[in-house]
Amino acid sequence: MTRDILVAGETLIDFIPERPGPISSVEGFDRRAGGAPANVAVALERLERTPLFWTRVGEDPFGRYLAETLADRGLPDRFVERDPDAKTTLAFVTHDETGDREFSFYRDGTADTRLEPGRIDDATLADLEWVHAGGVALSAGSSREATLDLLERATAADCTVSFDPNARPELWPDDAEFRDVVQGALEYVDVLKAAEEELEALGFAGADLEATARDVLALEPGPSTVLATRGGEGALAIADADAPWSDTASHPGYDADVVDTTGAGDAFVAGAIAALSEAADLEEALAFANAVGAAATTAAGAMTALPDREAVRELRDDE
């Protein structure tokens, strides 16, 4: 069965704390499947747009748990790789009373850093409409080359390419390398989703968020659409004349009873991909993506909180 969307990148274990507070004061954690691309892939499946997912996990108990979880969530295992020589990445998540979180990673030479170029063959790319990747895969190991290779070949195959920098400063040697590597990747990207602070970290600037997003659109080659998120304040979308959708849209976001913001941005990405790939206009795509993201904050964990279309519909109807 041909899939029209491919998501690529890390799958890892999130350890979610039993209560808010610094990691030094938390005694218990719940194990959850995570990783931004994995969350996007599962979110798309929940939204009835099941993608192919290219990832790599260790041949260890954590990796087996993740592979089983992805299968249980309905994702095909064609490109779920097992690495017999590397462990699976672990991330300890802590958050404050508002749900904002920080991460502590155990990711030195782990399986998700060992993706290899060329594993997605040309025939698969020819069948794809959309390819999505994130910035964590660019931070270390052969996964950087593998991800850049995929984005370049996807562009050549006329796929729509979306990208989320998913800035995690602790995973990069310094801010300059993050900026240079991610900016280099943007020449292959059509749709960039980024938080306001991520755009600034990448060196884009303007008098306001719209001007900063337009600074991204000035790249040549570079994205034709920017989805700029503002947390609980919603998001802004700007597209230039090269995009299939055009003009500017903004949305204030939806009210939700926030339990945990882990995975909310990934849910937003999945909502945007689902809507735009179904030919929604930019205003509707932004509203739908915001609703998916808001619904994902109402339970702990990333994958466990991802909504289906009915939950998204109910949230929008309640506004």
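Now for a look at the structure at hand. Here the structure is a predicted model, which means the values were calculated and not measured.

The rules behind these values
- Residues numbered from 1 in each chain as written.
- Predicted model: local features only at pLDDT ≥ 70, side-chain atom pairs only at ≥ 80, totals over all residues.
- Heavy atoms only, no water.
- Buried < 20%, exposed > 50% of the residue type's maximum accessible area, 1.4 Å probe, protein only.
- Helix = DSSP H or I, 4+ residues; strand = E, 2+ residues; numbered from the N terminus.
- Pairing = 2+ DSSP bridges.
- Right-handed = clockwise from strand over helix to strand, strands pointing away.
- Axes fitted to C-alpha atoms, helices over the stretch in contact; angles between N-to-C directions.
- Parallel < 35°, antiparallel > 145°, perpendicular 65-115°, else oblique.
- Left-handed = near helix turned anticlockwise from the far one by under 90°.
- Contact = heavy atoms within 4.5 Å.
- Nonpolar A, V, L, I, M, F, W, Y, C, P; charged D, E, K, R; others polar.
- Core = buried A, V, L, I, M, F, W, Y, C linked by side-chain atoms within 4.5 Å.

## Quick notes on the pairing of strand 8 (residues 130–134)
Judged by how many residues are buried, strand 8 sits mostly within the fold: five of five residues are covered. Of the two faces of strand 8, the one lined by Trp 130, His 132 and Gly 134 and the one lined by Val 131 and Ala 133 are each fully buried. Alignment of strand 1 (residues 5–8) against strand 8, held across three bridges, turns out to be parallel. By the bridge assignment, Val 7 is partnered in strand 8 with His 132. Crossover strand 8 to strand 9 (residues 160–164) through helix 4 (residues 143–156) is right-handed.

## Observations regarding the packing of helix 1 (residues 36–46) against helix 8 (residues 264–277)
One way to put it is that helix 1 packs onto helix 8 with a least axis distance of 8 Å and a crossing angle of 45°. On the basis of their axis angle, the class for helix 1 and helix 8 is oblique. Remark: the crossing between helix 1 and helix 8 carries right-handed chirality. Here Ala 36, Asn 39, Val 40, Ala 43 and Leu 44 of helix 1 lie close against helix 8, whose contacting residues are Asp 266, Ala 267, Val 269, Ala 270, Ile 273 and Ala 274. Here the contact of helix 1 with helix 8 is built from residues that sort into nine nonpolar, one polar and one charged.

## Side note on the nonpolar core
In this structure, Leu 44, Leu 70 and Trp 245 are the most contacted members of the largest nonpolar core, which totals 56 residues. If you tally residues by element for this core, the top one is helix 9 (residues 282–295), at ten residues. Beyond its immediate chain neighbours, meaning those up to four positions away, Trp 245 contacts Trp 130, Val 191, Thr 225, Ala 239, Asp 240, Leu 276 and Leu 282. Grouped together as the second largest cluster of nonpolar side chains are 49 residues, Ala 8, Phe 103, Leu 115 and Ala 133 included.

## Here we look at the pairing of strand 12 (residues 235–239)
A large share of strand 12 lies buried, amounting to five of its five residues. A two-sided burial pattern is seen for strand 12, the buried positions comprising Ala 235, Ala 237 and Ala 239 on one face and Leu 236 and Ile 238 on the other. In this structure, strand 11 (residues 225–229) lies alongside strand 12, joined through five bridges in antiparallel fashion. Across the sheet, Val 226 pairs through a bridge with Ile 238, a residue of strand 12. The hairpin formed by strand 11 and strand 12 contains five residues between the paired strands, and Gly 231 there has a positive phi angle of roughly 60°. Both strand 12 and strand 13 (residues 247–251) contribute to a ladder of five bridges, which runs antiparallel. For Ala 239, the partnering residue across the bridge sits in strand 13 and is Asp 247.

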